[in-house]
Amino acid sequence: EERFISYADYERLINDKIDKLYQVQREITDAIYRVDNSTLRTVLVERYINFNTWEQIAVNMNYGYRHVCRLHGEALNKIKDVIVCHTGSVV
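So, here's what we can say about the structure. Everything numeric here is computed off the predicted structure, so don't read it as measured data.

### Regarding the overall build of the chain
Across its full length, the chain holds four helices and zero strands. Expressed as a percentage of the 91 residues in the chain, the buried residues total 21%. Considering only intrachain contacts with a sequence separation of at least 6, the fraction spanning at least 24 residues in the chain is 41%. Of the roughly 7,100 Å² that the chain leaves accessible, carbon and sulfur atoms contribute 53%.

### Regarding the environment of Leu44
With respect to the helices and strands, Leu44 occurs in helix H2 (residues 38-49). Judged by relative accessible area, which is 1%, Leu44 ranks as buried. Taking the C-alpha atoms as reference points, Leu44 and Ile79, 35 residues apart in sequence, are found 9.3 Å from one another.

### Quick look at the nonpolar core
Judged by nonpolar contacts, the single largest core of 16 residues is most densely connected at Val35, Leu44 and Ile79. Contributions of two or more residues to this core are made by helix H1 (2-33), H2, helix H3 (54-61) and helix H4 (65-87). When residues of this core are assigned to their parent elements, the largest contribution, five residues, is made by H4. Leave out the neighbours within four places in its chain, and Ile79 touches Ala31, Ile32, Val35 and Leu44.

### A few points about a nonpolar patch on the surface
On the surface, a nonpolar cluster with roughly 500 Å² of combined accessible area is contributed by Tyr10, Leu13, Ile14, Ile18 and Tyr22. Mapped onto the elements of the fold, Ile18 is located in helix H1. Taking relative accessible area as the criterion, Ile18 reaches 35% and is therefore assigned partly exposed.

### Some words on the packing of H2 against H3
For the pair H2 and H3, interaxial distance at closest approach is 10 Å and the crossing angle is 135 degrees. The angle between H2 and H3 places the two elements in the oblique class. Of the two elements, H2 crosses H3, and the hand of that crossing is right-handed. Here Thr39, Thr42, Val43, Glu46 and Arg47 of H2 come into contact with H3, specifically with Trp54, Ile57, Asn60 and Met61. Residue composition of the contact of H2 with H3, by class: four nonpolar, three polar and two charged.

### Thoughts on H3
Every buried residue of H3 is listed here: Trp54, Ile57, Ala58 and Met61. Along the long axis of H3, the arc covered by the buried residues comes to 100 degrees, so they all point the same way.

### With respect to the pattern of salt bridges
Counting across every chain of the model gives one salt bridge. The salt bridge involving Asp9 is made with Arg12; its shortest N-O contact spans 3.0 Å. One end of the pair is Asp9 and the other is Arg12, both in helix H1 and three residues apart, which spans about a single turn. Exposure remark for Asp9: the relative accessible area of 40% places this residue in the partly exposed category.

Rules of the game
- Residues numbered from 1 in each chain as written.
- Predicted model: local features only at pLDDT ≥ 70, side-chain atom pairs only at ≥ 80, totals over all residues.
- Heavy atoms only, no water.
- Helix = DSSP H or I, 4+ residues; strand = E, 2+ residues; numbered from the N terminus.
- Buried < 20%, exposed > 50% of the residue type's maximum accessible area, 1.4 Å probe, protein only.
- Contact = heavy atoms within 4.5 Å.
- Areas by Shrake-Rupley, 256 points an atom, 1.4 Å probe, with all protein chains shown as cover.
- Core = buried A, V, L, I, M, F, W, Y, C linked by side-chain atoms within 4.5 Å.
- Patch = residues over 30% accessible without salt bridge, like charges linked within 9 Å, V, L, I, M, F, W, Y side chains within 5 Å.
- Salt bridge = Lys/Arg side-chain N within 4 Å of Asp/Glu carboxyl O.
- Axes fitted to C-alpha atoms, helices over the stretch in contact; angles between N-to-C directions.
- Parallel < 35°, antiparallel > 145°, perpendicular 65-115°, else oblique.
- Left-handed = near helix turned anticlockwise from the far one by under 90°.
- Nonpolar A, V, L, I, M, F, W, Y, C, P; charged D, E, K, R; others polar.
- Arc of directions from axis to C-beta.

Take a look at the structure:
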């Protein structure tokens, strides 16, 4: 019985962490889709939703590796602006 209680507590802890992970994933996805530039949004989706490498993103978008890195920097600045506008403060 003690093991069962322990197992139930552990299962609840895991489920709570999974719920929190899904919440963070939703917040990231929402922030990405609020970026108004489709090219920058594509870079973010490819990297943070599809988990592609920079090289694969460059191939998929028909850009050079360095250009994708530059676009990523711009995209991160846009994300920062989106988050500030949405929350009213820097996260």
